[in-house]
Amino acid sequence: MKSFIRNIPKAELHIHIEGTLEPELMLKIAKRNGVSLRFSAVDDVRKAYTFSNLPSFLSVYYEATSILLREQDFYDVTRAYLEKAHAQNVRHTEMFFDPQSHTERGVPFETVISGIHRAQADARQQLGVTSKLILCFLRHLSVDSAMEALKEAIPFKHWIVGVGLDSTEAGYPPEKFIRVFEKSLAEGFLTVAHAGEEGPAEYIWQALKQLMVSRVDHGVRCTEDAHLVQTLKARQTPLTVCPLSNVKLRVFDDIAGSNLKQLLDLGLCVTVNSDDPAYFGGYVMENLLAVQSALNLSYGDVCRLARNSFNASFLSEEEKQALRNELDVFCSNNVPDSIRSSNL
Ligand code: ADE
Ligand code: ZN
């Protein structure tokens, strides 16, 4: 099962580029930029990674992000993630970035996106990994600040598939950002939003009805509202679930307490993702391994999760079909015969 999970073709749809900054690279870039951090060794950084909730994580995350200053820094962090993803047979990834956390510090939007885009182009050409970029607005900042980020993104529209909403959720309802999302949709961006991670099911409703999202990021608290579950199922609105993140940020006590299998069995379009892998102890493969063993997922469940990841992506129908075909070949060649007849 381990090699099956490593090698199955998959997409990742919920990953923050800034959350892929591993301590080794963080220290290297900080040194190169002459930025002092309160950590000097990799072990010290990792020791700081105990969180009690989302805000306690975000303060460490924004501090670490502050070492990113130059185009090459954004290239290096994106490139390192895409290499990791490639090693786990991620065939396609849709990555978030938080421009306000950089422009607020005086780093130009163009510097950020140029480094990321160059790494995407190289990874596509050299590794065969395709990727898309989603600009996330920070919900703890003002609507005006989000509007400003949107304005700065417009000249780079062709490099950005959509916009999202992240950062501290509780107390920052999606409806606060209606105007920004309306403008984003009018500019041709697709929309997604983090909702129902720490916030209530009501925030998922707002994301669907008011921000017109194509996917809900996390969304695990949907099970608190049966009508919402029915709606998500009927529309097949994807949920990008991040199991190790949910445990690290204490949404669930442990992986066995995750409702991922329940969501899958309810017929929702659920996917497995890593969120901020440098902080939460694993990339998409480690997330899949953790849920497979704790929730006793079958080969069929793992194939379903991989299929959902392609269906839920922003690829064209032709691109999705090509990846589903690749997945079908993989599954028919790699699911053990004894299991295929009884379990798939
Ligand atoms: N930014 C980075 N990771 C996040 C998460 N899990 N929730 C909200 N905002 C985030
Ligand atoms: Zn996230």
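Since we're looking at a predicted model, the values are computed, not measured.

**A closer look at the side chain of aspartate 166**
For step 1, the next point in the chain: Relative to the helices and strands, aspartate 166 is located in strand 4 (residues 162-166).
For step 2, the next point in the chain: In this structure, aspartate 166 is buried with no salt-bridge partner, the nearest side chain bearing the opposite charge being arginine 139 at 7.2 Å.
For step 3, the next point in the chain: Within polar-contact distance, the side chain of aspartate 166 engages the side chain of histidine 16 at 3.3 Å.
For step 4, the next point in the chain: Contacts of aspartate 166, omitting those with residues within four sequence positions, involve His16, Asp98, Cys136, Phe137, Leu138, Arg139 and His194.

**Concerning the side chain of asparagine 287**
For step 1, the next point in the chain: Here asparagine 287 lies in helix 15 (residues 284-295).
For step 2, the next point in the chain: Apart from the residues within four sequence positions on either side, asparagine 287 is in contact with Cys242, Pro243, Leu244, Val272, Asn273, Ser274 and Gly282.

**A few points about the sheet that holds strand 7 (residues 239-241)**
For step 1, the next point in the chain: Read from one edge to the other, the open sheet built from 8 strands follows the order 1-2-3-4-5-6-7-8, with strand pairing classed as parallel. The open sheet terminates on both sides in strands that have one partner only, identified here as strand 1 (10-16) and strand 8 (270-272). The average undirected angle you get between the axes of adjacent strands in this sheet is 25°.
For step 2, the next point in the chain: Strand direction decides the pairing type here: strand 2 (residues 90-97) and strand 3 (residues 130-138), joined by 6 bridges, are parallel. From the neighbouring strand, phenylalanine 96 faces strand 3, where its bridge partner is isoleucine 134.
For step 3, the next point in the chain: Here helix 7 (residues 109-127) sits on the sheet and contacts strand 2 and strand 3; the angle it forms with strand 3, its principal contact strand, is near 155°.
For step 4, the next point in the chain: Each of strand 1 and strand 8 touches helix 16 (residues 299-311); the most contacted strand, strand 8, lies at about 100° to it.

**Points about the coordination of the zinc ion (ligand 2)**
For step 1, the next point in the chain: Every protein donor of the zinc ion (ligand 2) is accounted for by His14 (NE2), His16 (NE2), His194 (NE2) and Asp275 (OD), and the metal-donor separations fall at 2.0 to 2.2 Å.
For step 2, the next point in the chain: Its 4 donor atoms give the zinc ion (ligand 2) angles of 84 to 173° at the centre, a pattern that matches the irregular case.
For step 3, the next point in the chain: Of note, the donors binding the zinc ion (ligand 2) are all from one chain and are spaced H-x1-H-x177-H-x80-D. Residue histidine 16 is found in strand 1, and its partner aspartate 275 is found in the loop between strand 8 and helix 14 (277-280); the two are separated by 259 residues along the sequence.

**A word on the site of ligand 1**
For step 1, the next point in the chain: Around ligand 1 lies a shell formed by His16, Leu54, Phe57, Leu58, Tyr61, Asp166, Ser167, His194, Glu197, His218, Asp275 and Asp276.
For step 2, the next point in the chain: One nitrogen or oxygen atom from the side chain of histidine 16 is found 3.4 Å from a nitrogen atom belonging to ligand 1.
For step 3, the next point in the chain: Between ligand 1 and the protein, one listed contact pairs a nitrogen atom with a side-chain N or O atom of aspartate 275 at 2.7 Å.
For step 4, the next point in the chain: Here ligand 1 has 260 Å² of accessible area as a free molecule, and 100% of this is covered by the chains.
For step 5, the next point in the chain: Looking at the shell around ligand 1 element by element, the count peaks at 4 residues for helix 4 (residues 54-65).

**Side note on the nonpolar core**
For step 1, the next point in the chain: Within the largest apolar cluster, 112 residues are counted, with the highest numbers of intra-cluster contacts made by Phe97, Phe137 and Tyr279.
For step 2, the next point in the chain: With 7 residues, helix 15 is the largest single contributor of residues to this core.
For step 3, the next point in the chain: The residues touching tyrosine 279, leaving out its near neighbours within four places in the chain, are Glu18, Gly19, Met26, Tyr49, Phe51, Phe57, Val60, Tyr61, Ala64 and Lys248.
For step 4, the next point in the chain: The next biggest cluster of nonpolar side chains, apart from the first, holds 6 residues, and it includes Ile134, Cys136, Val161 and Val192.

**A closer look at the packing of aromatic side chains**
For step 1, the next point in the chain: Applying the stated criterion to the full structure yields 15 aromatic pairs.
For step 2, the next point in the chain: Considering the side-chain rings of phenylalanine 57 and tyrosine 279, the 5.3 Å spacing of their centres and the 75° angle between planes classify their relative orientation as edge-to-face. Placement of phenylalanine 57 in helix 4 and of tyrosine 279 in helix 14 is noted, with a sequence separation of 222 residues between them. Assigned by exposure class, phenylalanine 57 and tyrosine 279 land together as buried.
For step 3, the next point in the chain: Aromatic side chains tyrosine 61 and tyrosine 62 sit 5.2 Å apart centroid to centroid with 65° between the ring planes, which places their arrangement in the edge-to-face category.
For step 4, the next point in the chain: Assessed through its relative accessible area of 2%, tyrosine 61 is described here as buried.
For step 5, the next point in the chain: These aromatic residues form a ring-pair network of at least three members: Tyr49, Phe51, Phe57, Tyr61, Tyr62, Tyr279 and Phe280.
For step 6, the next point in the chain: Lying over the aromatic face of tyrosine 75, arginine 118 brings its terminal NZ or CZ to 4.1 Å of the ring centre.
For step 7, the next point in the chain: For the cation-ring pair, arginine 215 lies above phenylalanine 314, with the distance from its terminal atom to the ring centre recorded as 4.0 Å.

**Concerning the packing of helix 10 (residues 201-209) against helix 11 (residues 226-235)**
Relative placement of two packed helices is described by the angle separating their axes and the distance separating the axes.
For step 1, the next point in the chain: In contact at an axis separation of 10 Å, helix 10 and helix 11 are set at 35° when each is read in the N-to-C sense. Crossing of helix 10 over helix 11 shows left-handed handedness. Only His227, Leu228, Thr231, Leu232 and Arg235 of helix 11 make contact with helix 10, whose side of the interface consists of Ala201, Ile204, Trp205 and Leu208.

**Quick notes on helix 4**
For step 1, the next point in the chain: Over its 12 residues, helix 4 runs 16 Å from end to end, which matches the ideal 16 Å to within 8%, given 1.5 Å per residue.
For step 2, the next point in the chain: Along helix 4, the residues that are buried comprise Leu54, Phe57, Leu58, Val60, Tyr61, Ala64 and Thr65. In a view along the axis of helix 4, the buried residues occupy a sector of 165°, so they form one face of it.
For step 3, the next point in the chain: Looking at the packing, one finds that the buried side of helix 4 touches strand 1, helix 2 (23-33), helix 6 (100-103) and helix 14.

Cut-offs and rules
- Residues numbered from 1 in each chain as written.
- Chains lettered and ligands numbered in written order.
- Predicted model: local features only at pLDDT ≥ 70, side-chain atom pairs only at ≥ 80, totals over all residues.
- Heavy atoms only, no water.
- Helix = DSSP H or I, 4+ residues; strand = E, 2+ residues; numbered from the N terminus.
- Buried < 20%, exposed > 50% of the residue type's maximum accessible area, 1.4 Å probe, protein only.
- Lys, Arg positive; Asp, Glu negative; His and termini not counted.
- Salt bridge = Lys/Arg side-chain N within 4 Å of Asp/Glu carboxyl O.
- Polar contact = N/O pair within 3.5 Å; in protein donor to acceptor, adjacent residues only side chain to side chain.
- Contact = heavy atoms within 4.5 Å.
- Pairing = 2+ DSSP bridges.
- Axes fitted to C-alpha atoms, helices over the stretch in contact; angles between N-to-C directions.
- Donors = N, O, S within 2.8 Å, 3.2 Å for Na, K, Ca; no water.
- Tetrahedral: all angles 85-135°; square planar, octahedral: opposite > 155°, others 65-115°.
- Near = heavy atom within 4 Å.
- Areas by Shrake-Rupley, 256 points an atom, 1.4 Å probe, with all protein chains shown as cover.
- Core = buried A, V, L, I, M, F, W, Y, C linked by side-chain atoms within 4.5 Å.
- Phe/Tyr/Trp six-rings, centres within 6.5 Å; stacked < 30°, edge-to-face > 60°.
- Lys NZ or Arg CZ within 6 Å of the ring centre and 35° of its normal.
- Left-handed = near helix turned anticlockwise from the far one by under 90°.
- Expected span 1.5 Å × (residues − 1).
- Arc of directions from axis to C-beta.

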